[in-house]
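Observations on chain architecture
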Amino acid sequence: MDSLFRKSERLLTNVSTKIVREKMNEIHWNAQLISIMGAKGVGKSTLIKQYLKQNYKMGDRRALYCSADTVDFSTRTLVDLAEEFVIRGGELLVIDEIHKYKSGTSDWSREIKEIYELYPALKLIVSGSSLLQLREGDADLSRRAVKYTMAGLSFREALRFYHGLEFEKWTLEDILAHPYDLWHMVTSKCKPVVLFKEYIEKGYYPFLLEGEGEYYTKIEQVVNYIIENELPRICKVDVSNVRKLQALIVLICSEVPFELNANRIAAALEIGRDTVVEYLKYLGDAKVLNLLYSDKKKIGKLTKPDKVYMENPNILYALAPAKVEIGTLRETFAINSLSESHNVEYGKAQGDFKVDGKYTFEIGGRSKDYSQIAGVKDSYIFADDWDMPDGAKLPLWMLGFLY
């Protein structure tokens with residue numbers, strides 16, 4: 001136990017609290033059991049360590065930060081750790097990378113449930129892959145845990161992280177109703193069109209703060225780790241199909257927005273059509289892809305998505321820099337920003353996206369006109385390289401203020 005405390009203290013010493021994401025203030029830290037999930041690289045571990053550093057003095061052994069992928073858990077169970085920690089006066093136990101516990105078995109969820117019931121005074125925080133969100137119910141944790149999901153940095157957050165510019169979040173309704181207010185507020189402090197171009201290429205992942213040189217390499221490593229490790233471990237994807245999944249990602253990167261022909265892909269990769277659809281959904285759960293359906297209410301297990309996008313624009317530059325198409329880039333950004341708090345469907349008949357079953361959005365460049373959404377109620381154009389609002393034609397960067 002002493003060695004775990006020493007490791008915890010060393011890790012907290014090394015974390016900076018100079019820049020803290022606003023997610024810190026959204027989490028109900030006093031809950032008995034908190035679950036923080038998200039894609040690898042978005043900053044979950046950093047946020048938790050920042051919370052501990054801000055709220056517990058160095059050497060305070062009422063709190064303990066552990067990572068489930070260390071050798072400490074090769075012979076120790078979570079229940080054993082919790083018991084010893086409570087006996088020593090522990091109050092807050094953090095288990096990071098929970099999906100790596102005992103080679104990714106589901107034991108972790110059963111043990112967390114047992115700890116929850118045995119030690120009601122002990123606060124627990126577990127953090128791990130976004131793939132686990134749909135699987136926590138295995139041990140009936142869904143009713144017990146207060147769940148949070150972390151995304152990468154929005155454009156608004158990136159302005160704060162990389163340029164020291166502070167702006168408030170805006171709701172979609174406020175952006176549509178008062179675009180000039182947002183435009184005036186932002187343009188009084190910076191040139192958003194220029195900074196937006198920077199963000200689209202680099203800025204979604206907080207590890208850009210560690211330096212630009214290896215940024216795309218780290219994104220590639222994140223995607224490969226998900227495919228090679230998390231999908232086989234958590235979703236039981238056949239290891240022999242890992243290379244085919246990587247080939248699928250390359251194919252999507254080169255063609256997105258990818259209008260899916262599951263039968264053609266199945267033939268090319270020599271796997272079943274249903275397996276293709278299943279793997280796409282796993283990649284969507286893992287936040288590698290964004291899957292768009294024309295009607296989310298009718299999604300079934302074997303329902304193929306109508307369009308497939310990479311999860312964020314930076315992945316396109318990391319995996320297919322020579323094939324990045326500007327229209328794809330714009331739509332990828334739009335669905336990434338909107339999906340954080342809105343229901344987004346494939347427009348199919350008119351417009352690119354249907355949002356919350358009400359709004360129709362067309363995404364394009366400065367020359368985009370209203371021809372594709374003519375006569376459509378509550379329809380808007382979000383245009384890249386567009387200086388200021390003009391009626392229902394709004395700058396694309398405004399969608400980056402939704403979270």
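Residues numbered from 1 in each chain as written. Predicted model: local features only at pLDDT ≥ 70, side-chain atom pairs only at ≥ 80, totals over all residues. Heavy atoms only, no water.

A look at the overall build of the protein chain
- From N to C terminus, the protein chain includes 15 helices and 13 strands.
- Each principal axis of the C-alpha atoms in the protein chain carries an extent, and together these give about 70 × 55 × 40 Å.
- For the protein chain, the residues scored as buried account for 55% of the 403 residues in total.
- Sequence separation of at least 24 residues holds for 65% of the intrachain contacts in the protein chain that already meet a minimum separation of 6.
- Only carbon and sulfur atoms are counted for the fraction: they give 48% of the accessible area of the protein chain, which is about 17,600 Å².
- Treating the 55 positive side-chain charges of the protein chain as one cloud and the 57 negative ones as another, the clouds have centres 2 Å apart. (Helix = DSSP H or I, 4+ residues; strand = E, 2+ residues; numbered from the N terminus. Buried < 20%, exposed > 50% of the residue type's maximum accessible area, 1.4 Å probe, protein only. Contact = heavy atoms within 4.5 Å. Areas by Shrake-Rupley, 256 points an atom, 1.4 Å probe, with all protein chains shown as cover. Lys, Arg positive; Asp, Glu negative; His and termini not counted. Charge placed at Lys NZ, Arg CZ, Asp CG, Glu CD.)

Focus on the sheet that holds strand β1 (residues 33-38)
- Overall, parallel pairing links the five strands, which are arranged β2-β3-β4-β1-β5 in an open sheet. Single-partner strands in this sheet number two, and they are β2 (63-67) and β5 (146-150). Here the strands of the sheet are splayed against their neighbours by 15 degrees on average, with no regard to which way each runs.
- In the sheet, β2 pairs with strand β3 (residues 92-96) via five bridges, with the strands oriented parallel. Counted as the bridge partner of Cys66 is Ile95 from β3. (Pairing = 2+ DSSP bridges. Axes fitted to C-alpha atoms, helices over the stretch in contact; angles between N-to-C directions.)

Points about empty space enclosed by the protein
- Under the defined criterion, the tally for this structure stands at four cavities of 30 Å³ or more.
- The space that makes up the largest cavity amounts to roughly 110 Å³.
- Lining the largest cavity are 15 residues, and of these Glu9, Leu12, Lys57, Asp60 and Ala63 sit closest to its centre.
- For the lining of the largest cavity, the element with the most residues is helix α1 (residues 2-14), which contributes four residues.
- Residues belonging to the lining of the largest cavity are distributed by class as follows: eight nonpolar, two polar and five charged.
- Space inside the second largest cavity adds up to approximately 50 Å³.
- Around the second largest cavity, the lining residues are Arg21, Glu22, Arg156, Glu157, Arg160, Phe161 and Phe167. (1 Å grid on protein atoms, 1.4 Å probe; cavity = no way out; pocket = protein on both sides within 12 Å on 5 of 7 lines; lining within 4 Å. Points joined across faces, edges and corners; volume = space filled by probe spheres on them. Nonpolar A, V, L, I, M, F, W, Y, C, P; charged D, E, K, R; others polar.)

Some details on the state of the cysteines
- Throughout the structure, instances matching the rule amount to zero disulfides.
- Free cysteine: Cys235, not disulfide-bonded; nearest cysteine sulfur from Cys253 at 19 Å. (Disulfide = S-S within 2.5 Å.)

Things to note about the packing of aromatic side chains
- For the structure on display, the rule yields 22 aromatic pairs.
- Plain terms: the ring middles of Phe5 and Phe85 are 6.2 Å apart, the flat faces sit at 45 degrees to each other, and that makes the pair tilted. Residue Phe5 is found in helix α1, and its partner Phe85 is found in helix α4 (residues 78-87); the two are separated by 80 residues along the sequence.
- Residue Phe5 is classed as buried on the basis of its relative accessible area, which comes to 2%.
- Judged by its relative accessible area of 0%, Phe85 falls in the buried class. (Phe/Tyr/Trp six-rings, centres within 6.5 Å; stacked < 30°, edge-to-face > 60°.)

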